[in-house]
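Residues per chain are reported as follows:
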Amino acid sequence: PQFYSKETLKNWIKSVNGILLTALVKDNFAGFSITAYNPDSRDGYIHFIAIRDEYRRIGIGSKLLIYTLNELEKLGCNHVYGLVQIGNESTKKFMRNHGFEIGEAFNYVQRVLP
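If you're wondering where the values come from, they're calculated on a predicted model, not measured in any experiment.

Colleague: Just give me the short version of the overall build of the protein, but keep the residues and values in it.
Modeller: Of the regular secondary structure elements, the protein holds three helices and four strands. Reading the protein from its N end, one meets helices and strands in the order α-β-β-β-α-β-α. A compact globule built from 114 residues would reach a C-alpha radius of gyration of about 13 Å, and the protein, at 15 Å, matches this within 12%. Dimensions of the protein along its principal axes, counting C-alpha atoms only, are 40 × 35 × 30 Å. Taking all contacts inside the protein whose residues are at least 6 apart in sequence as the whole, residues at least 24 apart take part in 50%. If you sum the accessible surface of the protein, you get close to 8900 Å²; carbon and sulfur atoms cover 52% of it. When the 14 positive and 11 negative side-chain charges of the protein are each reduced to one mean point, those points stand 6 Å apart.

As structure tokens, then:
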């Protein structure tokens, strides 16, 4: 609920252009990933890959990312990107280890519309 409403997530699951995955370890929720695909530009945008602290560094994030990339390929995606906070070196290393390039730093701008 921090970023997306329950209704938004339900719709994301139903969407042919949304990839929402959860990870379970022995029936315990371990993490999730949320990715969107834009068929017009053939871009995939990774919104989140989040793993609970007690399940980090055992390959769950890698499995979620690899599965996500495979699903994006099936949809016809040819470019994947996401945002990583400037000081988040562990996530940058994780993404580099999976073939991502770290781009230049930008300022995030936003505006909420009515």
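Colleague: So, the packing of aromatic side chains: which residues are in play, and what are the values?
Modeller: Within a pair of aromatic rings, the relevant descriptors are the distance that separates the centres and the angle that separates the planes. Per the counting criterion, the structure on display carries five aromatic pairs. Here the aromatic rings of F29 and F32 are separated by 6.5 Å at their centres, their planes lie at 20°, and the arrangement is stacked. Accessibility expressed as a relative area gives 37% for F29, which makes it partly exposed. The class of F32 is partly exposed, set by a relative accessible area of 26%. A ring pair is formed by F32 and F48, whose centres lie 6.2 Å apart and whose planes are at 50°; its orientation type is tilted. Highlighted residues: F32 in strand β2 (residues 28-38) and F48 in strand β3 (residues 43-51), separated in sequence by 16 residues. Among the aromatic residues, those joined into a ring-pair cluster are Y4, W12, F29, F32 and F48.

Reading the values: the criteria
Residues numbered from 1 in each chain as written. Predicted model: local features only at pLDDT ≥ 70, side-chain atom pairs only at ≥ 80, totals over all residues. Heavy atoms only, no water. Helix = DSSP H or I, 4+ residues; strand = E, 2+ residues; numbered from the N terminus. Rg over C-alpha atoms; globule rule 2.2 N^0.38 Å. Contact = heavy atoms within 4.5 Å. Areas by Shrake-Rupley, 256 points an atom, 1.4 Å probe, with all protein chains shown as cover. Lys, Arg positive; Asp, Glu negative; His and termini not counted. Charge placed at Lys NZ, Arg CZ, Asp CG, Glu CD. Phe/Tyr/Trp six-rings, centres within 6.5 Å; stacked < 30°, edge-to-face > 60°. Buried < 20%, exposed > 50% of the residue type's maximum accessible area, 1.4 Å probe, protein only.

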